[in-house]
Amino acid sequence: PSSTREGFTEIPNVKWEDVGGLDLLRKEFDRYIVSRLKHREDYAEFGVDLETGFLLYGPPGCGKTLIAKAVANEAGANFIHIKGPEILNKYVGESELAIRTIFSRARTCAPCILFFDEVDALTTTRGKEGGWVVERLLNQLLIELDGAGQRQGVFVIGATNRPEVMDRAVLRPGRFGKLLYVPLPGPDERGLILKALARKKPIDEDVDLIDIGRKDACENLSGADLAAVINEAAMAAMEEKQMLGKDSYGTRTWTIKAGHFDLALKKIS
Ligand code: ATP
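Before going into details, it helps to say that this report is about the structure given with it. Since this is a predicted model, take the numbers as computed values, not measurements.

1. Let's talk about helix H8 (residues 187-197)
Residues of H8 that are buried include every one of Arg190, Gly191, Ile193, Leu194 and Ala196, and no others. In this fold, the buried residues of H8 make contact with helix H9 (209-213) and helix H10 (223-244).

Okay, here's the thing in structure tokens:
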């Protein structure tokens, strides 16, 4: 989708209902971003000063990008999606300029959420992996993050699977100061994720998604894996319709049934 194109600016169309589980994170972001943008005067009146930089960390495919987009949607904020490694690879020799440009654009289109995916690529502990290029880039990033005072309505969210390789300096208050863990879903959260993913699909009324989420076959599956499961199930149902549909009465409604989920789970796990 166009919203994942590097640096593209728009309000994402991901709603909270599209995010399964992760209620605590939702509450945090409500306080720190959504309600803050909606009730600016109250925050000013009471002099409430909250962090504007966040780091989402945890295993891949568990909803870091998804939540960030949902927060932007909920807050009515623009969303700029930056992929850490692209800054390094695409703008060789001009990465610092790229960083400056990105922050300046974020200020221009505030309220705005600036999302750095794979942010560890830009903030790896100095001198280890990337050498002087990363060092200079990191310094530029720190300068921009510290410009918090002028960043009215700009929130920065970083995402990483490897927080341990990140330079401690970027994790200080005012930078990526608030750390939020995005865990692998547990049995009940898996059901909630399946429900969120099923919102726009013709699921049979006899299918209990919460029950499916609790199955052993779902153990250790991430949100991205569950998306693959539901997609396989949908495909199995669709192929059944294509094969049998022409022989049946036109009034029959075709739905995704428990059997399709069983097939899908066998395929995925
Ligand atoms: P990565 O670290 O690989 O970038 P991520 O944590 O950013 O992963 P997302 O890109 O947000 O993961 O998730 C990938 C896809 O998996 C989503 O587009 C969605 O289809 C599904 N998904 C993951 N987590 C959830 C969730 N909590 N609720 C609903 N869908 C989810």
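2. With respect to the packing of aromatic side chains
Inspection of the entire model under this criterion finds 5 aromatic pairs. For the ring pair Phe79 and Phe115, a centre distance of 5.7 Å and an interplane angle of 25 degrees mean the geometry is stacked. You can see Phe79 sitting in strand E3 (residues 78-83) and its partner Phe115 sitting in strand E4 (residues 112-117), a full 36 residues away along the chain. An aromatic cluster is present here, built from Phe29, Tyr32 and Phe54 joined pairwise through their rings.

3. Quick look at the pattern of salt bridges
Once the charged atoms of two side chains with opposite charge are near each other, the side chains can pair. Applying the stated criterion to the full structure yields 9 salt bridges. Put simply, Glu144 and Arg107 hold a salt bridge, and the shortest N to O gap is 3.8 Å. Of the two residues, Glu144 sits in helix H7 (residues 132-146) while Arg107 sits in helix H5 (residues 95-108), which places them 37 residues apart along the sequence. Judged by relative accessible area, which is 35%, Arg107 ranks as partly exposed. Close ionic contact of Asp262 with Lys215 constitutes a salt bridge, the shortest N to O distance being 3.3 Å. One end of the pair, Asp262, is in helix H11 (residues 258-268); the other, Lys215, is in the loop between H9 and H10, and 47 residues separate them in sequence. Asp262 sits in the partly exposed class, given a relative accessible area of 35%.

4. Some words on the sheet that holds E4
As summarised here, the arrangement of the 6 strands in space is E1-E3-E4-E5-E2-E6, forming an open sheet in which the pairing is mixed. In the strand order of this sheet, the two ends are held by strand E1 (9-10) and strand E6 (178-181), each with one partner. Here E4 runs beside strand E5 (residues 154-160); their pairing, made up of 5 bridges, is parallel. By the bridge assignment, Ile113 is partnered in E5 with Phe155.

5. With respect to the environment of Val14
Following the sequence through the fold, Val14 ends up in the loop between E1 and helix H1 (23-38). For Val14, a relative accessible area of 11% gives the class buried. The contacts of Val14, once residues within four sequence positions are left out, are Leu66, Lys69, Ala70 and Asn73.

6. Considerations on the nonpolar core
Ranked by internal contacts, the top residues of the largest apolar core, which has 29 residues, are Phe103, Leu114, Phe116, Leu122, Leu141 and Phe176. Filtering out sequence-adjacent residues up to four positions away, Leu122 remains in contact with Gly84, Ile87, Leu88, Ile99, Phe116, Val134, Leu137, Leu138 and Leu141. Judged by nonpolar contacts, the second largest core, of 28 residues, contains Phe29, Cys62, Phe115 and Val182.

7. Concerning the site of the ligand
In the region of the ligand, 18 residues are neighbours, and Gly20, Gly61, Lys64, Thr65 and Leu66 sit closest. Measuring from an oxygen atom of the ligand, one finds a backbone N or O atom of Gly63 at 3.2 Å. For the ligand, whose accessible area on its own is 630 Å², the fraction buried by protein is 77%. Of all elements in the fold, only helix H3 (64-75), H8 and H10 reach the threshold of two or more residues within the shell around the ligand.

8. Here's the deal with the pairing of E3
Bridge analysis of E1 against E3 gives 2 bridges, and the strand direction is antiparallel. Each residue of the ladder has a partner; that of Thr9, found in E3, is Ile80. Relative to E4, E3 runs parallel, the two sharing 6 bridges. Looking at the pairing, Asn78 lines up with Cys112 of E4.

The rules behind each value
- Residues numbered from 1 in each chain as written.
- Predicted model: local features only at pLDDT ≥ 70, side-chain atom pairs only at ≥ 80, totals over all residues.
- Heavy atoms only, no water.
- Buried < 20%, exposed > 50% of the residue type's maximum accessible area, 1.4 Å probe, protein only.
- Helix = DSSP H or I, 4+ residues; strand = E, 2+ residues; numbered from the N terminus.
- Contact = heavy atoms within 4.5 Å.
- Phe/Tyr/Trp six-rings, centres within 6.5 Å; stacked < 30°, edge-to-face > 60°.
- Salt bridge = Lys/Arg side-chain N within 4 Å of Asp/Glu carboxyl O.
- Pairing = 2+ DSSP bridges.
- Core = buried A, V, L, I, M, F, W, Y, C linked by side-chain atoms within 4.5 Å.
- Near = heavy atom within 4 Å.
- Polar contact = N/O pair within 3.5 Å; in protein donor to acceptor, adjacent residues only side chain to side chain.
- Areas by Shrake-Rupley, 256 points an atom, 1.4 Å probe, with all protein chains shown as cover.

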